[in-house]
Amino acid sequence: LPIYAQLAAAEPRLALAHYRAGLCHYRMGRLDEAERLWRAGLTIHPNHPDMLRTMPVLHWERKDFDGAWEAVRRCQTAGVSLPPEFIAALQKDSGRLGPE
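Residues numbered from 1 in each chain as written. Predicted model: local features only at pLDDT ≥ 70, side-chain atom pairs only at ≥ 80, totals over all residues. Heavy atoms only, no water.

1. A few points about unusual backbone geometry
Part 1: The backbone phi angle of Lys-63 is positive, close to 65°, even though this residue is not glycine.
Part 2: Mapped onto the secondary structure, Lys-63 falls in the loop between α4 (49-61) and α5 (65-78).
Part 3: Under the relative-accessibility criterion, Lys-63 is labelled exposed at 60%. (Helix = DSSP H or I, 4+ residues; strand = E, 2+ residues; numbered from the N terminus. Buried < 20%, exposed > 50% of the residue type's maximum accessible area, 1.4 Å probe, protein only.)

Shown next as structure tokens:
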């Protein structure tokens, strides 16, 4: 994490550094910090597939189903696929079939 955080600070236009630093935070359970970094990375690279794929999962873990479906919609718009198992779990947990 310190290396990616330093890289993101030194190269603020490097989306990959934001993604990797956010992933470190995510794996440590620091969801707010992960989301902050991924949102910053998506402002640099709006169609970054890895960041787009992680956002629905982050929202789902928080039980923020509206946010999860909005993130799914963003993935669909960008042509980024999500695992069918994840979509099935989100459908079950949210009681919805897809983004509205």
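Having put the structure on the table, let's press on.
2. Regarding the pattern of salt bridges
Part 1: Applying the stated criterion to the full structure yields 7 salt bridges.
Part 2: For the salt bridge of Glu-33 with Arg-36, the shortest nitrogen-to-oxygen distance reads 2.4 Å. With Glu-33 and Arg-36 both in helix α3 (residues 31-44) and 3 residues apart, this pair spans about one turn of that helix.
Part 3: By relative accessible area, Glu-33 is classed as partly exposed at 26%.
Part 4: Exposure remark for Arg-36: the relative accessible area of 47% places this residue in the partly exposed category.
Part 5: Linking Arg-73 and Glu-70 is a salt bridge whose minimum nitrogen-to-oxygen distance equals 2.2 Å. Of this pair, Arg-73 and Glu-70 both sit in helix α5, 3 residues apart, which is roughly one turn of that helix.
Part 6: A residue is classified by how much of its surface remains accessible, and Arg-73, at 34% relative accessible area, is partly exposed.
Part 7: Through salt bridges with shared partners, a single ionic network connects Asp-32, Glu-35, Arg-39 and Arg-62. (Salt bridge = Lys/Arg side-chain N within 4 Å of Asp/Glu carboxyl O.)

3. Brief notes about the environment of Asp-66
Part 1: Tracing the sequence through the fold places Asp-66 in helix α5.
Part 2: Considered as a pair, Asp-66 and Glu-100 are 34 residues apart in the sequence and their alpha carbons are 9.0 Å apart.

4. A look at the packing of α4 against helix α6 (residues 84-94)
Part 1: At a closest axis distance of 11 Å, the pairing of α4 and α6 adopts a crossing angle of 30°. α6 is crossed by α4, and the crossing has left-handed handedness. The segment α4 lies against α6, with Pro-56, Val-57 and Trp-60 engaging Phe-86, Ala-89, Leu-90 and Asp-93.
Part 2: Here the contact of α4 with α6 is composed, by residue class, of 6 nonpolar, no polar and 1 charged. (Axes fitted to C-alpha atoms, helices over the stretch in contact; angles between N-to-C directions. Left-handed = near helix turned anticlockwise from the far one by under 90°. Contact = heavy atoms within 4.5 Å. Nonpolar A, V, L, I, M, F, W, Y, C, P; charged D, E, K, R; others polar.)

5. Quick notes on a nonpolar patch on the surface
Part 1: The grouping of Leu-7, Leu-14 and Leu-16 at the surface amounts to a nonpolar patch, some 220 Å² of accessible area in total.
Part 2: Tracing the backbone shows Leu-7 in helix α1 (residues 2-10). (Patch = residues over 30% accessible without salt bridge, like charges linked within 9 Å, V, L, I, M, F, W, Y side chains within 5 Å. Areas by Shrake-Rupley, 256 points an atom, 1.4 Å probe, with all protein chains shown as cover.)

6. Some thoughts on the packing of aromatic side chains
Part 1: The full count for this structure, using the stated rule, is 3 aromatic pairs.
Part 2: Consider the rings of Tyr-19 and Trp-38, whose centres lie 6.3 Å apart with planes at 25°: the pair is stacked. Of this pair, Tyr-19 sits in helix α2 (residues 15-27) while Trp-38 sits in helix α3, placing them 19 residues apart in sequence.
Part 3: Using a relative accessible area of 10% as the deciding quantity, one classes Tyr-19 as buried.
Part 4: Ring geometry for Trp-60 against Phe-86: centres 5.7 Å apart, planes inclined by 85°, an arrangement best described as edge-to-face. Here Trp-60, found in helix α4, pairs with Phe-86, found in helix α6; they are 26 residues apart in sequence, far enough to count as distant.
Part 5: An aromatic cluster is defined as three or more aromatic residues linked by ring pairs; in this entry it consists of Tyr-19, Tyr-26 and Trp-38. (Phe/Tyr/Trp six-rings, centres within 6.5 Å; stacked < 30°, edge-to-face > 60°.)

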